[in-house]
Amino acid sequence: MQYDYLIVGSGLFGAVFAQQAREKGKRVLVLERRNHIGGNVYTEKVEGINVHKYGAHIFHTNDDAVWKYVNRFAEFNRFTNSPVANYKGEIYSLPFNMYTFNKMWGVVTPEEAAKKIAQQRQEIQGESKNLEEQAISLVGRDIFEKLIKGYTEKQWGRECKDLPAFIIKRLPVRYTYDNNYFNALYQGIPVGGVYQAHRKSP
Ligand SMILES: Cc1cc2nc3c(=O)[nH]c(=O)nc-3n(C[C@H](O)[C@H](O)[C@H](O)COP(=O)(O)OP(=O)(O)OC[C@H]3O[C@@H](n4cnc5c(N)ncnc54)[C@H](O)[C@@H]3O)c2cc1C
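Residues numbered from 1 in each chain as written. Predicted model: local features only at pLDDT ≥ 70, side-chain atom pairs only at ≥ 80, totals over all residues.

*Asks:* Even after reading the chapter, I still don't get the overall build of the protein, so can you show me in this structure?
*Replies:* Helices and strands together make up the secondary structure of the protein, namely six helices and eight strands. Taken from N to C terminus, the helices and strands of the protein fall in the order β-α-β-β-β-β-α-β-β-α-α-α-α-β. Over its C-alpha trace the protein gives a radius of gyration of 22 Å, far above what one expects of a compact globule, namely 17 Å for 202 residues. In terms of principal-axis extent, the alpha carbons of the protein reach across some 65 × 35 × 35 Å. Classification of the 202 residues of the protein by burial places 19% in the buried group. (Helix = DSSP H or I, 4+ residues; strand = E, 2+ residues; numbered from the N terminus. Rg over C-alpha atoms; globule rule 2.2 N^0.38 Å. Buried ≥ 20, exposed ≤ 12 C-beta atoms within 10 Å, placed from the backbone.)

*Asks:* Help me understand the site of the ligand in this model?
*Replies:* Around the ligand, a shell composed of 20 residues is seen, among which Gly9, Gly11, Phe13, Gly39 and Gly55 lie nearest. In terms of residues, the shell around the ligand owes the most to one element, helix H1 (residues 12-23), which gives three residues. (Near = placed C-beta within 6 Å.)

*Asks:* Honestly, the domain arrangement of the protein in this entry has me stumped. Any pointers?
*Replies:* Frequently, the measure chosen for interface size is the accessible area that the parts lose on association. Partitioning the protein into structural domains gives domain 1 (5-81) and domain 2 (84-167). For domain 1 and domain 2, the distance between their C-alpha centroids amounts to 35 Å. (Domains from an automatic or database assignment.)

*Asks:* I keep staring at the packing of helix H5 (residues 131-139) against helix H6 (residues 141-156) and nothing clicks. Help me out?
*Replies:* In a pair of packed helices, the angle between the axes and the distance between the axes together describe the arrangement. Packing of H5 against H6 brings their axes to within 9 Å, and their N-to-C directions diverge by 140 degrees. By the angle class used here, H5 and H6 are oblique. For the crossing formed where H5 meets H6, the hand is right-handed. Contact with H5, carried on its side by Leu131, Glu132, Ala135, Ile136 and Val139, involves Arg141, Ile143, Phe144, Ile148 and Thr152 of H6 and no other residues of that element. (Axes fitted to C-alpha atoms, helices over the stretch in contact; angles between N-to-C directions. Parallel < 35°, antiparallel > 145°, perpendicular 65-115°, else oblique. Left-handed = near helix turned anticlockwise from the far one by under 90°. Contact = placed C-beta atoms within 7 Å.)

*Asks:* Would you explain the nonpolar core in this entry?
*Replies:* Nonpolar side chains tend to gather and get buried jointly when the protein is soluble and globular. Core analysis: the largest hydrophobic core is formed by 18 residues, its most contacted members being Leu131, Ala135, Val139, Ile143, Phe144 and Ile148. Elements with a minimum of two residues in this core: helix H3 (98-105), helix H4 (110-121), H5 and H6. Considering each element in turn, this core owes the most residues, five residues, to H5. Once residues within four sequence positions are removed from consideration, Ile143 is found in contact with Phe96 and Ile148. (Core = buried A, V, L, I, M, F, W, Y, C linked by C-beta atoms within 7 Å.)

*Asks:* How should the environment of Val139 be read in this particular structure?
*Replies:* Relative to the assigned elements, Val139 resides in helix H5. The buried category is assigned to Val139, around which 21 C-beta atoms lie within 10 Å.

*Asks:* It is not clear to me how the environment of Ile117 should be interpreted in this structure. Could you clarify?
*Replies:* Position of Ile117 among the secondary structure elements: in helix H4. Given 20 C-beta atoms within 10 Å, Ile117 falls into the buried group. Here Ile117 is in contact with Val139 and Gly140, once residues within four sequence places are set aside.

If you want it as structure tokens, here you go:
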């Protein structure tokens, strides 16, 4: 058989491209090396729970057309991603915002939080020589020690002192009481999981 497109990989990109091409009457062949479609955006049912096999995926967009498009295929819940970090039993909101700073230092206003960070940043003078110095120069030692160090060292398998400074260019800091990880207008997770989601007929 002749095809108009050969698509290697059925991740979000390949799958959307294939669907759109088919809708326009093209012939498409998709090759996938895994035993499922969806790429990293994939859930498996384990004891009745939808487990995001390759890491949690929350769909988010500001684009009306994109949101309408994905809602053709699945029903989305109203999940808002508001992650927390557990540092030795202390729970902190991420990304760093006023809830984080209030818990860390008891500060209440953005001015107080900004002042605290500015004080702690002064520890590093001149150019940062490694990731530890770079992080402290951006957000200060307390945030580095509690919310960056352990996570980063686990991720890279090396001490922050042994990692280059350029890995962290900037660290988002919000001076608002807002735990919503994404700024997007629309966000959610398909009800019933991804791929095996309660499928709507497009
Ligand atoms: C832990 C984690 C969490 C994330 N969380 C979010 C989130 O919350 N929200 C969000 O918007 N994004 C998130 N992302 C990013 C998101 O996963 C990617 O942007 C998206 O999956 C990219 O889609 P893709 O189609 O480009 O690639 P992939 O999903 O990687 O798909 C590529 C596919 O191609 C296949 N393939 C590759 N090579 C071949 C080959 N030679 N032959 C056949 N098949 C091949 C692979 O098996 C795979 O199925 C997250 C990523 C990770 C890793």
